[in-house]
Amino acid sequence: MKTGESLTEKQASHFAALALKCVSREFPNKPEHVINNASEVSSPKVLHPAFYGCYDWHSSVHGHWMLVRLLKMFPNLPESAQVRAALGANLTAENIRAEVAYMKQPNRQSFERTYGWAWALKLAEELNSWNDADGKKWSENLQPLSETLTRSYLNFLPKQTYPIRTGVHPNTAFGLAFALDYAKAARERQLEALLDERSRTYYAKDVDYPGSWEPGGEDFFSAALMEADLMRRVMKPAEFATWFHRFLPDVTKGGPAALLQPAIVTDRSDPKLVHLDGLNLSRAWCMRSIAAALPANDPARKILAAAADKHAAAALAHVASGDYAGEHWLASFAVFLLSVR
């Protein structure tokens, strides 16, 4: 897939089918569940009536986001009736109230922080901008969760002194980036201001980032590129260009190679090793967005665009591997890559 190509209806139908296979599939399941007492020993669907499928809570959330995005882009998708039925069954007001109640229980303040939080706000953002009767109802139903997570960000981020620079779920830059998209779209000015301040505090002074140290063996994010993708949201174009070339000064020379060449996946049935397919997809969306934020004559643009194409090609063919280890979540990453603007 070359730069500029976008999601086709055939691809959308394929990805929708993958999500429909898992958003109501309870097992296998990997709950992130702190048990406070014996009464809380329960099944995933009882604990999370909205987001119990797709192996874990966050994958279920971004599976729902993907189905909404696909319906918005392709209203006449062959699977549209099935998609609406699945979303309608899960995104009820009662189910969302139960999700909120779960989060407010003792010892749950770090539940899905901030990866799941970020995807839930991305789902809210997607629903908020959809002129559709069902979409408006689901958006209204989701509002208590959006409000809860907004407060969670506002309460937590002032206490987080240091960013988490990892290639997996707790990555701070990703958590800030998607939350910032939501805050701007929903006009949550207090949240937007805090996210802007935290981003600059954590990252504005970064120089000579060791991109050659990537990837880690189970990464699905590039800590370097996710940070840059956040900062292009925060900074004005000229400021961002200056920052980026200090942050990754070797990109204009085609380096570091480890950052610009796709990761190698050796076993797609291994739930950790298959993360690297996700890494190739998320690197591609970051590189395309970063390139678009740089000046038209910036030599890094072509290098990043070419690297993004390589990463996309390396991963898109393997989104449907036949193994649930990757299929329950990779389609969401592929749809984000193919539909990002």
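Before reading further, recall that the structure is shown in the block above.
What you are looking at is a predicted structure, and each value in this text was computed from that prediction instead of being measured. (Residues numbered from 1 in each chain as written. Predicted model: local features only at pLDDT ≥ 70, side-chain atom pairs only at ≥ 80, totals over all residues. Heavy atoms only, no water.)

Before going further, it helps to spend a moment on the overall build of the protein chain. When helices and strands are tallied, the protein chain shows 16 helices and zero strands. Compactness check: the protein chain gives a C-alpha radius of gyration of 19 Å against a globular reference of 20 Å for 341 residues, within 12% of the reference. Here the protein chain, with 341 residues, has 55% of them falling under the buried criterion. The contacts in the protein chain between residues at least 6 apart in sequence include a share of 77% that link residues at least 24 apart. Within the structure as shown, the protein chain displays about 14,200 Å² of accessible surface, and the carbon and sulfur contribution to it stands at 53%. (Helix = DSSP H or I, 4+ residues; strand = E, 2+ residues; numbered from the N terminus. Rg over C-alpha atoms; globule rule 2.2 N^0.38 Å. Buried < 20%, exposed > 50% of the residue type's maximum accessible area, 1.4 Å probe, protein only. Contact = heavy atoms within 4.5 Å. Areas by Shrake-Rupley, 256 points an atom, 1.4 Å probe, with all protein chains shown as cover.)

All told, the structure shown has one disulfide when counted by the stated rule. Here Cys22 connects covalently by a disulfide to Cys54, the sulfurs 2.0 Å from one another. Linking Cys22 and Cys54, the disulfide has an S-S dihedral of approximately 70 degrees and is accordingly described as right-handed. In this pair, Cys22 sits in the loop between helix 1 (9-20) and helix 2 (44-47) while Cys54 sits in the loop between helix 2 and helix 3 (57-73), placing the two residues 32 residues apart along the sequence. With respect to burial, Cys22 and Cys54 carry one shared label: buried. (Disulfide = S-S within 2.5 Å.)

It is worth spelling out unusual backbone geometry at this point. Residue Phe27 is joined to Pro28 through a cis peptide bond whose omega torsion reads 0 degrees. With respect to the helices and strands, Pro28 occurs in the loop between helix 1 and helix 2. Following Arg113, the chain continues into Thr114 via a peptide bond in cis, with omega recorded as -10 degrees. Mapping Thr114 onto the fold places it in the loop between helix 5 (93-103) and helix 6 (115-128).

For the rest of this paragraph, the subject is helix 1. Helix length check: helix 1 (12 residues) gives 16 Å between terminal C-alpha atoms against 16 Å at 1.5 Å per residue, within 8%. Every buried residue belonging to helix 1 is among Ala12, Ser13, Phe15, Ala16, Leu18, Ala19 and Leu20, and all of these are buried. The secondary structure elements touched by the buried residues of helix 1 are helix 3, helix 4 (80-90), helix 15 (324-327) and helix 16 (330-339). (Expected span 1.5 Å × (residues − 1).)

Below, the discussion takes up the packing of aromatic side chains. Across all of its chains, the model carries 29 aromatic pairs by this definition. Between the aromatic rings of Trp329 and Phe333, the centroid separation amounts to 5.1 Å while the plane-to-plane angle is 90 degrees, which identifies the pairing as edge-to-face. Through a chain of ring-to-ring contacts, the aromatic side chains of Trp65, Tyr115, Trp119, Phe174, Phe178, Phe220, Phe221, Trp285, Trp329, Phe333 and Phe336 assemble into a single cluster. When the ring centre of Tyr102 is taken as reference, the NZ or CZ atom of Arg108 above it lies at 3.9 Å. Directly above the aromatic system of Phe178 lies the positively charged group of Lys122, at a separation of 4.3 Å from the ring centroid. (Phe/Tyr/Trp six-rings, centres within 6.5 Å; stacked < 30°, edge-to-face > 60°. Lys NZ or Arg CZ within 6 Å of the ring centre and 35° of its normal.)

Where helix 3 contacts helix 16, the two axes come as close as 9 Å, and the packing angle between them is 40 degrees. The angle between the axes of helix 3 and helix 16 places the two elements in the oblique class. Handedness of the crossing formed by helix 3 with helix 16: left-handed. Contacts between helix 3 and helix 16 pair His62, Gly63, Trp65, Met66, Arg69, Leu70 and Met73 from the former with Ala331, Ser332, Phe333, Val335, Phe336 and Ser339 from the latter. Each residue belonging to the contact of helix 3 with helix 16 can be placed in one class, and the counts come to eight nonpolar, four polar and one charged. (Axes fitted to C-alpha atoms, helices over the stretch in contact; angles between N-to-C directions. Parallel < 35°, antiparallel > 145°, perpendicular 65-115°, else oblique. Left-handed = near helix turned anticlockwise from the far one by under 90°. Nonpolar A, V, L, I, M, F, W, Y, C, P; charged D, E, K, R; others polar.)

In this model, helix 8 (residues 172-186) (15 residues) spans 21 Å end to end at C-alpha, consistent with the 21 Å of a helix rising 1.5 Å per residue. Of all 15 residues in helix 8, 12 are buried, a share of seventy percent or more. Looking at helix 8, one finds that the buried residues are Thr172, Ala173, Phe174, Gly175, Leu176, Ala177, Phe178, Ala179, Leu180, Asp181, Tyr182 and Ala183. One side-chain oxygen of the residue at the start of helix 8 lies 3.1 Å from the amide nitrogen of Ala173, identifying that residue as Asn171. Of the residues trailing helix 8, Arg187 is marked for its positive phi of about 55 degrees. (Polar contact = N/O pair within 3.5 Å; in protein donor to acceptor, adjacent residues only side chain to side chain.)

We now examine the environment of Trp65. Here Trp65 shows up in helix 3. Note: C-alpha distance between Trp65 and Val340 (275 residues apart in sequence) is 13 Å. Setting aside its immediate chain neighbours within four residues, Trp65 contacts Trp119, Lys122, Leu123, Glu126, Ser332, Val335 and Phe336.

On to the pattern of salt bridges, then. Between side chains of opposite charge, pairing is possible as soon as their charged atoms come close. A full pass over the atoms with the stated rule returns 20 salt bridges. Glu126 is the salt-bridge partner of Arg69, the closest N and O atoms lying 3.1 Å from each other. Separated by 57 residues along the polypeptide, Arg69 in helix 3 and Glu126 in helix 6 bring together distant segments of the chain. Comparing Arg69 with Glu126 shows no difference in burial state: the two are buried. Taking the shortest distance from any N to any O, the salt bridge between Asp229 and Arg232 comes out at 2.8 Å. Of this pair, Asp229 and Arg232 both sit in helix 10 (residues 223-234), three residues apart, which is roughly one turn of the helix. Overall, Asp229 belongs to the buried group, its relative accessible area being 2%. For Arg232, a relative accessible area of 25% gives the class partly exposed. Through salt bridges with shared partners, a single network forms among Lys122, Glu125, Asp181, Asp229, Arg232 and Arg233. (Salt bridge = Lys/Arg side-chain N within 4 Å of Asp/Glu carboxyl O.)

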